[in-house]
Amino acid sequence: MQPTDITDPQYFHKVVDCQWGCPAHTDVPGYIRLIAQGRFTDAYMLNRQANVFPGILGRVCDRPCEPACRRGRVEDKPVAICRLKRVAADNRDDVAALLPKPVQQKNGKRVALVGAGPASLTVANDLLPLGYEVVIYEALDVPGGLMRSNIPSFRLPVEVLDEEIGMIVGMGADLRLGTPVPSMKALLAEGYDAVFVGSGAPRGKNLKLAGRDAASANIHIGIAWLESVAFGHIDRIGEKVLIIGVGNTAMDCCRTSLRLGAKSVKVMARKPRQFFKASPWELEDAEAETVEIVVNHAPKSFVVENGKLVGMLFEKMEYQFDERGRITSEKVVGEILFPCDDVVLAIGQENAFPWIERDIGIEFDKWEVPVVDPVTYQGTRPGVFFGGDAAFGPKNIIWAVEHGHQAAISIHSYCQSRDLHERPPYGMNLTTSKMGTHEWAFSNAYDPVERRLVPHVSLKERFAKLDLEVELGFGPEQFVKEVERCLNCDIQTVFTAKLCIECDACVDICPTRCLTITDNGEETGLRQRLSAPAANLEQALYVSAELPQTRRVMVKDEDLCIHCSLCAERCPTGAWDMQKFTLKVPYAAAAADADLAPARTGT
Amino acid sequence: MSFLQKPKVSHPGLPRNELGLTVRDYEGGMSTLCAGCGHDSITAALIQAVFELSIPPHRMAKLSGIGCSSKTPAYFASASHGFNSVHGRMPSVATGANAANGELVYIGLSGDGDTLSIGLGQFCHAIRRNLNMLYLLENNGVYGLTKGQFSASADVGSKAKKGEVNQQPPIDPCLLALSIGCTFVARSFSGDKAHLVPLLKAGMRHRGFALVDVISPCVTFNDHEGSTKSYQFTRKNAQVVTYADYVPPATEIRSEQAAGTVQSVTLHDGSRVLLRKVGADYDATDRTGAFDYVSRHQAKGEIVTGLLFIDEGKPDMHQVQSLPDQPLNAVPYGKLNPGQKALDAIQARFR
Ligand SMILES: Cc1cc2nc3c(=O)[nH]c(=O)nc-3n(C[C@H](O)[C@H](O)[C@H](O)COP(=O)(O)OP(=O)(O)OC[C@H]3O[C@@H](n4cnc5c(N)ncnc54)[C@H](O)[C@@H]3O)c2cc1C
Ligand SMILES: Cc1ncc(C[n+]2csc(CCOP(=O)(O)OP(=O)(O)O)c2C)c(N)n1
Ligand code: SF4
Ligand code: SF4
Ligand code: SF4
Ligand SMILES: [Mg+2]
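Residues numbered from 1 in each chain as written. Chains lettered and ligands numbered in written order. Predicted model: local features only at pLDDT ≥ 70, side-chain atom pairs only at ≥ 80, totals over all residues. Heavy atoms only, no water.

(A) Quick look at the overall build of chain A. When its secondary structure is counted, chain A shows 22 helices and 23 strands. A compact globule built from 603 residues should have a C-alpha radius of gyration of about 25 Å, and chain A, at 27 Å, falls within 12% of that. Along the first, second and third principal axes, the C-alpha set of chain A runs to 90 × 60 × 45 Å. In chain A, once contacts between residues fewer than 6 apart in sequence are set aside, the share between residues at least 24 apart is 71%. Carbon and sulfur atoms provide 52% of the accessible area of chain A, an area that totals close to 24700 Å². If you average the places of the 67 positive and of the 80 negative side-chain charges in chain A, the two averages end up 1 Å apart. (Helix = DSSP H or I, 4+ residues; strand = E, 2+ residues; numbered from the N terminus. Rg over C-alpha atoms; globule rule 2.2 N^0.38 Å. Contact = heavy atoms within 4.5 Å. Areas by Shrake-Rupley, 256 points an atom, 1.4 Å probe, with all protein chains shown as cover. Lys, Arg positive; Asp, Glu negative; His and termini not counted. Charge placed at Lys NZ, Arg CZ, Asp CG, Glu CD.)

Right, dumping it as structure tokens:
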């Protein structure tokens with residue numbers, strides 16, 4: 001193999017599994033260390049730079065970082081990254097002074113954002129400090145998008161939303177609530193320099209089965225129903241409720257039902273559990289609240305008596321699987337009636353753009369999803385950008401944020417007539433963590449402590465009020481331990497081949513057998529003859545230049561390195577060093593200056 | 001040295017041996033030797049060897065004298081017996097232990113100072129007794145622990161760190177051992193585990209005294225220009241005469257192992273050592289040939305490595321002295337201490 005190019009910031013970025021897994025590239029180990037030092041405000045601001053809504057995301061993020069976390073490969077449970085984010089938000093001081101102030105000297109450019117969900121808010125967050133005049137049109141009377149209208153307040157308190165949205169609006173956004181945009185044509189006619197569409201995927205899918213229309217008074221579409229609950233238009237539901245669907249919306253619907261008077265709530269699933277879309281923790285929370293999850297039942301019809309819904313008929317399913325767990329065949333093995341008073345349909349969302357005319361150069365595909373460039377987020381009409389659920393269908397908040405960052409970069413380039421495809425580069429800094437012979441600027445010892453559990457309000461109390469937050473968040477007893485579980489994947493092992501005398505000390509000491517000195521060769525073969533076979537192909541091999549004495553190479557399998565520094569401590573020549581890697585993520589501000597410091601590597 | 005203990009967490013895919021143990025179960029305390037010391041690599045090779053042989057840790061005894069090398073017992077197999085004795089006296093302790101319990105696997109760990117200076121006499125007599133043990137000489141050409149004075153294995157002309165040049169002729173432990181009847185003589189290099197591990201395994205399975213002299217650079221006092229025991233010098237001047245493969249009893253020999261110039265030696269327990277010869281038609285069962293070969297190459301400044309000589313046919317100390325097979329701690333008390341009357345009867349025989 002060729003020697004690894006560690007001057008490419010993406011090489012070490014990938015080693016930081018959580019940061020790589022986070023759509024917005026949050027510097028997770030960086031903020032976890034700040035929490036460990038009690039620097040909550042700094043931890044909050046470091047988060048905010050990337051993910052904009054640390055308090056919100058510290059509660060409800062989809063957490064793609066956690067399945068990616070290295071700790072989950074070394075032991076079974078990842079670091080509680082998301083809950084630590086909330087620790088930063090819960091314990092921080094007032095950050096008002098640290099936020100950009102409204103810019104007095106505007107740059108003369110006007111941008112319209114449609115919708116006040118996380119995608120638009122991120123665009124505003126990035127463009128306001130650059131002097132843009134930002135107008136946000138929101139149909140509802142409150143900002144936040146689905147974060148407010150759909151995510152129940154027992155998961156995400158309104159005050160947290162208000163505060164973090166307020167930080168952005170406070171930078172000088174012109175937020176126009178209760179102002180739907182009825183026509184894109186008309187909006188474009190107002191002469192904005194650019195338009196960003198962050199209007200979400202607002203339409204809940206229907207289930208057209210026999211009896212649907214006759215029973216419509218007691219059949220609710222999940223996301224519309226949650227919105228009505230959020231805004232106080234609905235405050236009760238029948239005693240027996242069936243939820244159709246197994247995504248995260250279904251989980252919010254079943255838990256909300258319990259708070260509106262339901263006594264028995266069943267989530268009805270067509271397939272077995274391994275096919276569920278809901279995050280495991282959402283399922284856990286729902287089941288803890290006595291929601292019953294019924295698998296292998298396919299809805300057949302609504303049963304109506306005297307014009308009122310009395311139950312639903314299901315077909316019992318049986319499935320055959322192949323060795324990889326995929327369904328190869330299914331068969332119906334019976335029918336069964338589940339009595340109920342209400343049904344909530346939570347079977348998915350769709351995009352809908354009734355307000356965008358189809359003759360103004362904005363193209364849609366056959367699913368009515370706009371055609372959007374995945375790099376620039378521009379639609380087919382120059383100057384009109386899309387992001388969040390509006391761009392590629394329903395995703396989640398952190399993706400909406402990342403889309404917002406990227407769209408902001410594009411809008412800025414667009415307003416300066418630059419090529420949108422020329423993206424501002426990523427940069428990095430590497431600085432040694434060495435403080436003394438065996439002293440490092442981070443807590444390098446492996447702490448075997450297990451993942452801490454978040455305390456919850458007791459089952460008895462939690463249904464008392466609809467908006468009572470269920471999770472209490474980590475207190476010091478939990479977070480001082482949890483922070484030590486982080487493996488500091490951003491403190492990189494950096495190798496200097498010319499210093500190595502091939503004494504094997506590093507190879508011998510490595511607890512997880514990451515290192516090998518061997519003859520070079522092609523990757524497949526090399527992966528087989530390492531100290532331990534490198535079976536995880538998603539993780540890179542770090543291959544050195546030829547070693548001076550034998551012309552062999554040092555190979556590091558990045559997969560299971562726990563960043564314990566022992567290789568560097570045992571190296572007599574300093575050929576291995578532990579260096580703090582800081583990824584410089586470009587934002588619109590960087591596109592403004594294009595003055596990112598060139599990547600600097602170690603010795 | 002590092003202050004951290006090596007964390008217990010390990011690679012989830014680590015193989016297990018016949019006892020269900022992983023290589024990590026044979027580790028010991030964290031080394032306090034200088035970072036990069038050859039002795040630490042030897043320890044790692046030893047751990048690998050005892051793991052591969054599936055030796056139950058409690059059936060091993062680690063014995064040593066004094067020196068950096070002699071600290072090795074602390075750094076592997078924490079669950080084994082260990083004895084860190086006095087300088088140069090490990091062979092006596094090993095002899096006593098072996099006489100009392102011949103069932104354990106004895107691993108002696110020593111340095112060139114411990115063996116070739118203060119302990120030279122003890123070393124020679126343990127060889128002559130054909131004490132059943134693996135004797136590992138971690139050879140760095142200096143007294144590491146006492147800050148790098150030349151040892152008796154330093155070559156003429158080898159330079160000390162501060163520039164002093166050694167004038168006294170070296171004692172070559174392998175030639176010495178060959179000359180006094182040693183039944184297993186090998187040399188290797190700490191920087192070449194593929195070469196070293198099979199030799200350690202064969203040495204432990206050999207019945208009798210197995211000397212493995214391992215060139216083991218002292219990174220702190222003897223790894224500079226002008227040293228003849230540095231990583232660089234050893235890599236340049238080592239001449240591998242045989243590669244050994246250790247084949248456990250009742251294991252089939254793979255075809256590539258059986259090819260051409262391979263010499264097979266069967267050990268007393270049915271295991272075999274296959275010697276792949278490099279170049280010269282070397283016969284590892286010919287004592288005088290071996291002596292001749294090693295000395296000729298030594299004169300050219302080459303360090304001959306490999307299994308240099310093996311003689312599996314000689315009785316070990318237990319057999320020569322007709323010592324009981326049963327460990328003394330398993331002999332019933334009445335038999336072990338038959339009482340005054342029995343002693344009187346024995347003494348009467350000499351009157
Ligand atoms: C029940 C439910 C639970 C969820 N839970 C989570 C969770 O726990 N974690 C997570 O990460 N994600 C969750 N999501 C997904 C997440 O909420 C969305 O992916 C995210 O909010 C999308 O952000 P957005 O900015 O693209 O649009 P949205 O949040 O959908 O905001 C769009 C806004 O645009 C407004 N708008 C639409 N059309 C117009 C118009 N023509 N004129 C003016 N305004 C308009 C809407 O009123 C809305 O306020 C959940 C979604 C649902 C439905
Ligand atoms: C009776 C006695 N004499 C002298 C010493 C001092 N001493 C300690 S270690 C050592 C030499 C060790 O050299 P070596 O066996 O080569 O071990 P290394 O440290 O090089 O591995 C000496 C002379 C001692 N401990 N005891
Ligand atoms: S151990 Fe820490 S730095 Fe590494 S992936 Fe997990 S959270 Fe990120
Ligand atoms: S830091 Fe070094 S010794 Fe520790 S796990 Fe990573 S490669 Fe191994
Ligand atoms: S410890 Fe240092 S000198 Fe020794 S092999 Fe490793 S990198 Fe090379
Ligand atoms: Mg020595």
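That was the structure; now back to the text.
(B) Structural view of the interface of chain B and chain A. Contact with chain B, which involves 29 residues of that partner, is made by 30 residues of chain A. Of the roughly 2400 Å² buried between chain B and chain A, counting both surfaces, carbon and sulfur atoms make up 58%. Between D40 of chain B and R570 of chain A there is a salt bridge; the shortest N-O distance is 2.8 Å. Viewed at the interface, chain A and chain B are joined by 12 residue pairs in polar contact (both at pLDDT 80 or more). Among the elements that line the side of chain B that touches chain A, the one with the most residues is helix α1 (residues 38–52) of chain B, at four residues. The residue inventory of the side of chain B that touches chain A, partitioned by class, reads 15 nonpolar, eight polar and six charged. (Buried area = accessible area lost by both parts, 1.4 Å probe. Salt bridge = Lys/Arg side-chain N within 4 Å of Asp/Glu carboxyl O. Polar contact = N/O pair within 3.5 Å; in protein donor to acceptor, adjacent residues only side chain to side chain. Nonpolar A, V, L, I, M, F, W, Y, C, P; charged D, E, K, R; others polar.)

(C) Representation of the pattern of salt bridges in the model. Enumeration over the complete set of coordinates arrives at 53 salt bridges over all chains. Salt-bridge contacts for D252 of chain A lead to R155 of chain A; the nearest nitrogen and oxygen are separated by 2.7 Å. Of the two residues, D252 of chain A sits in helix α14 (residues 248–259) while R155 of chain A sits in the loop between α10 (146–149) and α11 (158–169), which places them 97 residues apart along the sequence. Since its relative accessible area comes to 4%, D252 of chain A is described here as buried. The closest approach of N and O atoms between D508 of chain A and K193 of chain B, which form a salt bridge, is 2.8 Å. Of the two residues, D508 of chain A is situated in helix α19 (residues 505–509) and K193 of chain B in helix α6 (residues 193–205); the pairing between them involves two chains. A single salt-bridge network, built from bridges that share partners, covers R255, R259, D285, E289 and R462 of chain A. (Buried < 20%, exposed > 50% of the residue type's maximum accessible area, 1.4 Å probe, protein only.)

(D) Inspection of the site of ligand 1 at higher detail. Residues and elements named next belong to chain A. Looking at ligand 1, there are 35 residues lining it, with V60, E138, L146, V181 and D389 nearest. The separation between an oxygen atom of ligand 1 and a polar side-chain atom of E138 is 2.6 Å. Here D389 contributes a backbone N or O atom positioned 2.8 Å from an oxygen atom of ligand 1. Relative to its unbound accessible surface of 990 Å², ligand 1 loses 93% to contact with the protein. Of the residues belonging to the shell around ligand 1, the class tally is 17 nonpolar, 12 polar and six charged. No fewer than three residues from each of domain 2 (99–202 + 351–415) and domain 3 (205–349) sit in the shell around ligand 1. (Near = heavy atom within 4 Å. Domains from an automatic or database assignment.)

(E) The sheet that holds strand β9 (residues 292–294) of chain A, seen in detail. Residue and element names in this part refer to chain A. With parallel pairing, the five strands of this open sheet are ordered in space as β6-β13-β7-β8-β9. Strand pairing shows two members of the sheet lacking a second neighbour, β6 (219–221) and β9, which therefore form its edges. Going across the sheet, the axis of each strand differs from the next one's by a mean of 25°, ignoring polarity. Inspection of the sheet shows β6 paired to strand β13 (residues 342–345) by three bridges, in the parallel sense. Across the sheet, the residue bridging to I219 is V343, located in β13. (Pairing = 2+ DSSP bridges. Axes fitted to C-alpha atoms, helices over the stretch in contact; angles between N-to-C directions.)

(F) The arrangement of the side chain of R552 of chain A in detail. Tracing the sequence through the fold places R552 of chain A in the loop between β21 (541–543) and β22 (553–557). What makes R552 of chain A buried here is its relative accessible area of 18%. Side-chain polar atoms of R552 of chain A contact the side chain of E502 of chain A, separated by 2.9 Å. Setting aside its immediate chain neighbours within four residues, R552 of chain A contacts E502, I517, T518, D519, A545, E546 and L547 of chain A together with R235 of chain B.

(G) Looking closely at the packing of helix α3 (residues 28–36) of chain A against helix α8 (residues 81–91) of chain A. Residue and element names in this part refer to chain A. Where α3 contacts α8, the axes come no closer than 10 Å and their chain directions differ by 50°. As judged from the angle between their axes, α3 and α8 are oblique. As for the relative orientation of α3 and α8, their crossing is left-handed in sense. Contact residues: V28, Y31, I32 and I35 in α3; I81, L84, K85, V87 and A88 in α8. Residues belonging to the contact of α3 with α8 are distributed by class as follows: eight nonpolar, no polar and one charged. (Parallel < 35°, antiparallel > 145°, perpendicular 65-115°, else oblique. Left-handed = near helix turned anticlockwise from the far one by under 90°.)

(H) Up close: the domain arrangement of chain A. The assigned domain composition of chain A is domain 1 (9–97 + 447–485), domain 2 (99–202 + 351–415), domain 3 (205–349) and domain 4 (491–584). Centre-to-centre separation of domain 3 of chain A and domain 4 of chain A, based on C-alpha positions: 52 Å.

(I) Region of the structure containing the packing of helix α9 (residues 118–127) of chain A against helix α17 (residues 397–415) of chain A. Residues and elements named next belong to chain A. Packing of α9 against α17 brings their axes to within 7 Å, and their N-to-C directions diverge by 40°. The angle between the axes of α9 and α17 places the two elements in the oblique class. The handedness of the crossing between α9 and α17 is right-handed. Across the interface between the two elements, P118, A119, T122, V123, D126 and L127 of α9 pack against I397, A400, V401, G404, H405, A407, A408, I411 and H412 of α17.

(J) Examining helix α13 (residues 222–230) of chain A more closely. Residues and elements named next belong to chain A. Listed as buried for α13 are G222, I223, W225, L226, S228 and V229. Its buried side turned inward, α13 meets α10, β5 (203–204), β6, α14, β13 and β14 (349–350). One or two residues past the end of α13 sits G232, with phi positive at roughly 80°.

(K) Inspection of the packing of aromatic side chains at higher detail. Residue and element names in this part refer to chain A. Following the criterion strictly, the structure yields 20 aromatic pairs over all chains and no others. Ring geometry for F40 against F479: centres 5.7 Å apart, planes inclined by 80°, an arrangement best described as edge-to-face. Within this pair, whereas F40 is found in helix α4 (residues 40–51), its partner F479 is found in helix α18 (residues 476–485), the two being separated by 439 residues in sequence. Each ring, one from F275 and one from F321, has its centre 6.3 Å from the other, and the planes form 15°; the classification is stacked. Of the two residues, F275 sits in the loop between β8 (264–268) and α15 (280–288) while F321 sits in strand β11 (residues 308–321), which places them 46 residues apart along the sequence. We classify F275 as partly exposed; its relative accessible area is 29%. Note on F321: relative accessible area 39%, which makes it partly exposed. Above the plane of the ring of Y192 lies R110, whose end atom (NZ or CZ) is 4.4 Å from the centre. Over the aromatic face of W399 sits the side chain of K395, whose NZ or CZ is 5.1 Å from the ring centroid. (Phe/Tyr/Trp six-rings, centres within 6.5 Å; stacked < 30°, edge-to-face > 60°. Lys NZ or Arg CZ within 6 Å of the ring centre and 35° of its normal.)

(L) Here's a closer look at the site of ligand 5. Residues in close proximity to ligand 5 total 15 residues, the closest being C500, C503, D504, C506 and C571 of chain A. Its residues assigned to classes, the shell around ligand 5 comprises 12 nonpolar, one polar and two charged.

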